[in-house]
2 protein chains.
Amino acid sequence: MQSDHSAARPVGRGAKVRAAVHAATLAELVDKGYAALSVENVAQRAGVHKTTVYRRWEDRESLLTDALAEHMAMDIPVPDTGAIETDLRALARSLVQSFTSPAGQAVLAAMFTGAAHLPEIAAARRHVFDDRLTRAEPVVTRAIERGELVGDTDPAELFKTLAAPIYLRLLITADPVDEATADQAVRVTLAAAHAGALRLAPASEPVTG
Amino acid sequence: MQSDHSAARPVGRGAKVRAAVHAATLAELVDKGYAALSVENVAQRAGVHKTTVYRRWEDRESLLTDALAEHMAMDIPVPDTGAIETDLRALARSLVQSFTSPAGQAVLAAMFTGAAHLPEIAAARRHVFDDRLTRAEPVVTRAIERGELVGDTDPAELFKTLAAPIYLRLLITADPVDEATADQAVRVTLAAAHAGALRLAPASEPVTG
């Protein structure tokens, strides 16, 4: 706790600056898009000097990937409704909502078109997805405990099945993405789970020579 | 047929030039990537003058999208094995193979990273996907005729369910994509179809005032 440590304020200030700069980055993305994003504009919007930004982020790319990763990591609450179907529906609808809000659309455009060529963006996409998977695992664990899913259900496989049709529509087919998309993803995922198609792969037999 | 039309050769030559330029575009992509792609290098590789390229394509972007659309439209044969499971397995494995070959990897990198910011690329992704859906529809029609799927199975929904986990792994999670991925996609899709989760939506009731 170190309550005698009077230097706590600078840490608080640092966190506030970070949050303000992240928010300004997203706001600039929403208003003007990735191509027009600049450290100058972000600094001005956040009310800080641009050297303050450069002290924390090397360039606009590292600022962008940091802001996107933080935005995406925070926006999906993990539900606990007492039933797997309503938990999955809440998760899928949150995912849909996170990508269809104005901020979500700007994030999507930056991650998958404007800034898609940045290697850090590919890493951020993977990282955010893995992080969401890990945080959502209790949804599957609890469903197994309630007897709604078989004990060897693979949480990662289940969440990938849930998310895949949403991403396909966002990134490839450009079909409308809405609550119906989320609910349809839940139906497919539960059908697959109940049919035993989402089980952990058995450990491979060791190859003996 | 117009067999007396002696000007057939120029048409043939045009098609040959197109094919050679498309092939050279893909080869340049595979060898050097999107950033280094130039009309000059493509023309040299195809053995034509660069004015020949510019006569048919306005710039490297239209050349690229044209070559990618043609490449992707041609690479997925529609199977007819006599059973829905083996048909879907063949389709899913073809899709996996088309994206994991050296040419497929280069196409994927161009469409989803290097050139992802081009509006024509988004249109090409949608177009190619829709085109594949339409061509694969007989797979579902035949399965319905054989009594393997219920009559109101939605072919588009079924193929999206099949393709979605493959695209998710290619574009987001960067998990390995191989025959096991394809076969797993088939298991999930068939489980969903048999559970009635891939049916055509009933036509909405007309709203009466």
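Bear in mind that the values here come from a model prediction, so they are computed numbers and not experimental data.

Cut-offs used in this document
- Residues numbered from 1 in each chain as written.
- Chains lettered and ligands numbered in written order.
- Predicted model: local features only at pLDDT ≥ 70, side-chain atom pairs only at ≥ 80, totals over all residues.
- Heavy atoms only, no water.
- Helix = DSSP H or I, 4+ residues; strand = E, 2+ residues; numbered from the N terminus.
- Buried < 20%, exposed > 50% of the residue type's maximum accessible area, 1.4 Å probe, protein only.
- Contact = heavy atoms within 4.5 Å.
- Areas by Shrake-Rupley, 256 points an atom, 1.4 Å probe, with all protein chains shown as cover.
- Least-squares fit on C-alpha atoms with pLDDT ≥ 70 in both.
- Phe/Tyr/Trp six-rings, centres within 6.5 Å; stacked < 30°, edge-to-face > 60°.
- Lys NZ or Arg CZ within 6 Å of the ring centre and 35° of its normal.
- Axes fitted to C-alpha atoms, helices over the stretch in contact; angles between N-to-C directions.
- Left-handed = near helix turned anticlockwise from the far one by under 90°.
- Nonpolar A, V, L, I, M, F, W, Y, C, P; charged D, E, K, R; others polar.
- Domains from an automatic or database assignment.
- Buried area = accessible area lost by both parts, 1.4 Å probe.
- Salt bridge = Lys/Arg side-chain N within 4 Å of Asp/Glu carboxyl O.
- Polar contact = N/O pair within 3.5 Å; in protein donor to acceptor, adjacent residues only side chain to side chain.
- Expected span 1.5 Å × (residues − 1).
- Bend = angle between axes of the 7 residues up to and from the residue.
- pLDDT = per-residue confidence, 0-100.

Some points on the overall build of chain A
In step 1: A tally of regular secondary structure across chain A gives nine helices and zero strands.
In step 2: Along the chain direction, N to C, the helices and strands of chain A fall in the order α-α-α-α-α-α-α-α-α.
In step 3: Here chain A holds 209 residues, and 47% of them are scored as buried.
In step 4: Sequence separation of 24 or more characterises 66% of the internal contacts of chain A that already satisfy a separation of 6 or more.
In step 5: Working note: accessible area of chain A is about 10400 Å², and carbon and sulfur atoms make up 54% of it.

What to know about the environment of F129(A)
Residues and elements named next belong to chain A.
In step 1: Mapped onto the elements, F129 comes out in helix α7 (residues 119–145).
In step 2: Relative accessible area serves as the criterion here: at 6%, F129 is assigned to the buried category.
In step 3: Residues F129 and K160, 31 residues apart in the sequence, show an inter-C-alpha distance of 9.3 Å.

Comments concerning the relation of the copies chain A and chain B
In step 1: The transformation that overlays chain A on chain B combines an axial shift of 0.0 Å with a rotation of 180°, and the residual RMSD is 0.0 Å. In symmetry terms, the pair is related by a two-fold rotation axis. Nearest to the rotation axis, the C-alpha of A164(A) is located 2.5 Å from it, this being the minimum over chain A.
In step 2: Interface overlap between copies: 100% of the residues of chain A at the interface are likewise at the interface in chain B, consistent with a symmetric, same-surface contact.

Focus on the packing of aromatic side chains
In step 1: Applying the stated rule across the entire model yields four aromatic pairs over all chains.
In step 2: Taken together, a centroid distance of 6.1 Å and an interplanar angle of 55° make the contact between F129(B) and Y167(B) tilted. Highlighted residues: F129(B) in helix α7 (residues 119–145) and Y167(B) in helix α8 (residues 155–173), separated in sequence by 38 residues. Judged on exposure class, the residue F129(B) and its partner Y167(B) are both buried.
In step 3: Taken together, F99(A), F129(A) and Y167(A) form an aromatic cluster joined through their ring pairs.
In step 4: Residue placement shows R60(B) over the ring face of Y34(B); its charged tip is 4.3 Å from the ring centre.

Description of the packing of α8(B) against helix α9 (residues 179–194) of chain B
When two helices pack together, their arrangement is given by the angle between their axes and by how far apart the axes lie.
All names here are of chain B.
In step 1: Relative to each other, α8 and α9 sit at 145°, their axes nearing to 9 Å. As for how α8 packs across α9, the hand of that crossing is right-handed. Facing α8, whose interface residues are L158, T161, L162, P165, I166 and R169, α9 presents T181, A185, V186, V188, T189 and A193.
In step 2: When grouped by side-chain class, the residues that make up the contact of α8 with α9 number eight nonpolar, three polar and one charged.

Quick notes on the domain arrangement of chain A
For interface size, the figure often reported is the accessible area lost on association.
All names here are of chain A.
In step 1: The domain boundaries assigned to chain A delineate domain 1 (15–57) and domain 2 (68–194).
In step 2: Between domain 1 and domain 2, the C-alpha centre-to-centre distance is 28 Å.
In step 3: With six residues of domain 1 at the contact, the number on the domain 2 side is 12 residues.
In step 4: Between domain 1 and domain 2, roughly 630 Å² of surface is buried when both sides are summed, and carbon and sulfur atoms account for 79% of that area.
In step 5: Considering only the surface of domain 1 that becomes buried against domain 2, L26, V30 and Y34 emerge as the three largest contributors, covering 69% of it.
In step 6: Linking domain 1 to domain 2 there are one salt bridge.
In step 7: In this structure, R18 engages E70 in a salt bridge whose closest nitrogen and oxygen atoms are separated by 3.9 Å.
In step 8: In this structure, the connection of domain 1 to domain 2 is made through zero residue pairs in polar contact (both at pLDDT 80 or more).

Topic: α7(A)
In step 1: Between its terminal C-alpha atoms α7(A) stretches 40 Å, which fits the 39 Å expected from 27 residues at 1.5 Å a residue.
In step 2: Approximately 35° is the largest bend angle found in α7(A), and it occurs at R135(A), with the proline P138(A) only one to four residues beyond.
In step 3: For α7(A), the full list of buried residues reads I121(A), A124(A), R125(A), V128(A), F129(A), R132(A), L133(A), A136(A), V139(A), V140(A) and A143(A).
In step 4: Tucked into the core, α7(A) has its buried residues touching α4 (60–74), α5 (84–100), α6 (102–114) and α8 (155–173) of chain A together with α8 of chain B.
In step 5: Of the residues flanking the end of α7(A), it is G147(A), one or two places downstream, whose phi is positive at about 80°.

Description of the confidence of the model for chain A
Residues and elements named next belong to chain A.
In step 1: Per-chain confidence: chain A averages 87 in pLDDT, with 90% of residues scoring 70 or above.
In step 2: Looking over chain A, one finds the lowest element-wise mean pLDDT in helix α1 (residues 8–32), namely 82, and the highest in helix α9 (residues 179–194), namely 97.
In step 3: Below a pLDDT of 50 lies the segment residues 1–11, which in the model reaches zero contacts outside its immediate sequence neighbourhood of four places, other chains included.
In step 4: In the predicted complex, the global pTM is 0.84; the interface-specific ipTM is 0.83.

Let's talk about the interface of chain A and chain B
In step 1: Counting from both sides, the interface comprises 28 residues of chain A and, opposite them, 29 residues of chain B.
In step 2: Here chain A meets chain B over a buried area of about 2500 Å², counting both sides, of which 66% is carbon and sulfur.
In step 3: Across the contact surface, chain A and chain B share four salt bridges.
In step 4: K160(B) serves as the salt-bridge partner of D175(A), at 2.5 Å between the closest nitrogen and oxygen.
In step 5: Put simply, chain A and chain B have nine residue pairs in polar contact (both at pLDDT 80 or more) between them.
In step 6: Listed by contribution, the elements that provide at least two residues to the side of chain A that touches chain B are α6, α7, α8 and α9 of chain A.
In step 7: With 11 residues, the top contributor of residues to the side of chain A that touches chain B is α8(A).
In step 8: Here the residues of the side of chain A that touches chain B sort into 16 nonpolar, five polar and seven charged.

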